[in-house]
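# Observations on the model geometry
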Amino acid sequence: MSTTNSSAESQPDAAQLDPQIAARLKRDPNGLVAAIVQQADTLQVLMLGWMDDEALRRTLSTGRVTFFSRSRQEYWRKGDTSGHAQYVKSVALDCDGDALLVQVDQVGAACHTGARRASRPAAAAQVGHRPA
């Protein structure tokens, strides 16, 4: 699956996720798929969220990223309370069907702490080198 949204009106607001897209998703036991969010122009990874079929349907049909909160067990659209919205540029499904890559135009911070992106170095890693 690869879709591009130029406006919220570019896809109809269907009652359910397109069955052809739904059939390609490999969900975890809770019915969720990881959604990696990337800034479309710089390719910087901003955050990871979780989507079920409904969150993905909302994302594809509105042009704004919607996640499913595992802790609150509810949907949330990025930016509705913070003003730090994510406007969808494209959505792609990886070859295994178990992860989405959502390219966005991020307004403001992606992290709830106010940071531009929600990741930071966790530990030193051994640098790998490709064999000659």
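Right above here is the structure, for reference.
Remember, predicted model here, so these are calculated numbers, not experimental data.

### Topic: the overall build of the protein
On a plain count of helices and strands, the protein comes out with two helices and seven strands. Overall, the protein shows an N-to-C arrangement of helices and strands of β-α-β-β-α-β-β-β-β. Pairs at least 24 apart in sequence give 48% of the contacts found in the protein among residues at least 6 apart. By element, 51% of the accessible surface of the protein is carried by carbon and sulfur atoms, the whole surface being about 8100 Å².

### Some details on the pattern of salt bridges
Applying the stated criterion to the full structure yields six salt bridges. With a closest N to O distance of 2.7 Å, R57 and E54 form a salt bridge. With R57 and E54 both in helix α2 (residues 53-62) and three residues apart, this pair spans about one turn of that helix. Judged by its relative accessible area of 12%, R57 is buried.

### A word on the packing of aromatic side chains
The tally for this structure, following the rule as stated, stands at two aromatic pairs. Judged by centre distance (4.9 Å) and plane angle (35°), the ring pair of F67 and W76 falls under tilted. Looking at F67, the relative accessible area reads 1%, which means it is buried. With 5.2 Å between their ring centres and 70° between their planes, F68 and Y75 make a pair best called edge-to-face. Looking at Y75, the relative accessible area reads 28%, which means it is partly exposed. Geometry around Y75 places R58 over its ring, the cationic atom sitting 4.3 Å from the centre.

Reading the values: the criteria
Residues numbered from 1 in each chain as written. Predicted model: local features only at pLDDT ≥ 70, side-chain atom pairs only at ≥ 80, totals over all residues. Heavy atoms only, no water. Helix = DSSP H or I, 4+ residues; strand = E, 2+ residues; numbered from the N terminus. Contact = heavy atoms within 4.5 Å. Areas by Shrake-Rupley, 256 points an atom, 1.4 Å probe, with all protein chains shown as cover. Salt bridge = Lys/Arg side-chain N within 4 Å of Asp/Glu carboxyl O. Buried < 20%, exposed > 50% of the residue type's maximum accessible area, 1.4 Å probe, protein only. Phe/Tyr/Trp six-rings, centres within 6.5 Å; stacked < 30°, edge-to-face > 60°. Lys NZ or Arg CZ within 6 Å of the ring centre and 35° of its normal.

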